[in-house]
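# Chain and residue survey
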Amino acid sequence: MVTRAVASEPPDASAVPRTYAASAADTGSGLVSRLGTSRTAGSWLGADGKPVVAVTDEEAAAEVRKAGAEAKMVDHSMDELKSATSTLRSAPRVAGTAWVMDYQSNEVVVRGDSTVSAADWSRMTQVAGDIGGFVRMERTEGTFTTRLNGALPLLSTAGRCSAGFNVTDGQRDFILTAGHCGPNGSVWFADNRGDQQIGQTVQQNFPGGDFSLVEYANGDAGAGADVVSIGDGKGVRITGAADPAVGQRVFRSGSTSGLRDGEVTAVNATVNYPEGTVTGLIETNVCAEPGDSGGPMFSEGVALGVTSGGSGDCNAGGTTFFQPVTKALEALDVKLIVTAQNGSGQGASPAPSATQSAVAPGDASPGSSVSVSGASTLLSRLADPKNVGPGLLVVAGSLVALAATRFIRAEQDRKAYRRYYSATWG
């Protein structure tokens, strides 16, 4: 939910926040990388913020303790956990299922939502049983869906999503958002009449991954691209990107449900959405709702992910999955636009290499707060739950998005859409 056009004036240098990220060598992930996947089985943050590393032998445990982290002896290595997930993925695909490696319990957890039939669940249970006793089967309420608030296909090629983080390739600026929000050519608007164009999707990855680039219409996002809106006229300055740790407290902002927080419960999750399978996701207990897709996840001012999908809502709670920002940046060959060291907010510096927060999970905050000025800014319009469409395109048959964009600009079609919008969304 961030665009340069809506950010406040940049603060002086004294307002630039520092991040609380430790170097990778001092974190659990650094120890896992050094010791190897045959001797470890992941890491997470304890309640005190101290890294905990799962190890399979006493020698590895001694090395972990020497580095200042806590060691936990487990029966199954990361190699075994990965082998189990590989077997699950090679089985016939079942929409409505997901699996993660639960480092803390040293298990692979397979979840099935309410759409999975008894026969399919029985078949997957048999596959899990053949793998071994460290694969746990769980049924979950709700459905695993991408968090897109869609209209009828004839009225929108996408629906309503949330912008994520601003990125650049050094020549042009883009919005990084979810891949399922729309295919290449999708045109995005800030208003429900299709008058104020934001930009166009120029690169999409979904399924497989869940990220895409929306190029700004003029190629330049403007001033303040380092600010993420968190509602009530406030924003958080983004200072870099990193991978989160299991147990880390995180925050998510979206155009439907605003700012929410929770913890990372797993990484490298696989989700079988109805539209296709996505791998390498971050699993959290942060709630989300349709329209929050693509919105940013962050902690201590560090960008972590963009909202992909999940189950539940912000009344009953649920599970939400995120596309890791670092993997998307690498695949797209772009850099996050972050707060510059001089506080100007114009830098496009590389993301830091840190992978875990060094503060206790309960003490983490979104980041340094700033004001987001302008009552009728683009962000406030994107944050309005009544705005169905950043891409209101009246199309017929197989017309491409560009042709549909021109079509909706006709006054007669705009009136027809407004009648539909009023009848269906209020």
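Look above for the structure.
Residues numbered from 1 in each chain as written. Predicted model: local features only at pLDDT ≥ 70, side-chain atom pairs only at ≥ 80, totals over all residues. Heavy atoms only, no water.

## Examining the packing of aromatic side chains
This model, assessed by the stated rule, comprises one aromatic pair. On the basis of an interplanar angle of 70° and a centroid distance of 5.9 Å, the ring pair of F144 and F321 is categorised as edge-to-face. Linking F144 in the loop between β6 (135-139) and β7 (145-146) with F321 in strand β21 (residues 317-324), this pair joins segments that are 177 residues apart in sequence. Above the ring of W121, the side-chain terminus of R139 is found at 4.9 Å from the ring centroid. (Phe/Tyr/Trp six-rings, centres within 6.5 Å; stacked < 30°, edge-to-face > 60°. Helix = DSSP H or I, 4+ residues; strand = E, 2+ residues; numbered from the N terminus. Lys NZ or Arg CZ within 6 Å of the ring centre and 35° of its normal.)

## Examining the side chain of H76
Residue position: H76 is located in the loop between β3 (70-73) and α3 (78-90). One polar contact links H76 to E80, side chain to side chain, over a distance of 3.4 Å. Ignoring sequence-local partners within four residues, the contact set of H76 consists of A41, T56, L81, N106 and F134. (Polar contact = N/O pair within 3.5 Å; in protein donor to acceptor, adjacent residues only side chain to side chain. Contact = heavy atoms within 4.5 Å.)

## Observations concerning unusual backbone geometry
Of note, the amide linkage connecting F206 to P207 takes the cis form, showing an omega dihedral of -10°. Considering the arrangement of structural elements, one finds P207 in the loop between β11 (197-205) and β12 (211-216). With phi around 60°, D333 is a residue other than glycine that occupies positive phi space. Within the fold, D333 resides in the loop between α5 (325-332) and β22 (335-336).

## Quick word on the pairing of strand β13 (residues 227-231)
With respect to burial, β13 is a largely interior element, four of its five residues being buried. Pairing analysis gives four bridges linking β13 to strand β14 (residues 234-237), with the strands arranged antiparallel. Residue pairing in the sheet places G231 in a bridge with K234 of β14. Where β13 folds back onto β14 in an antiparallel hairpin, the turn is made up of two residues, including D232, whose phi is positive at roughly 55°. (Buried < 20%, exposed > 50% of the residue type's maximum accessible area, 1.4 Å probe, protein only. Pairing = 2+ DSSP bridges.)

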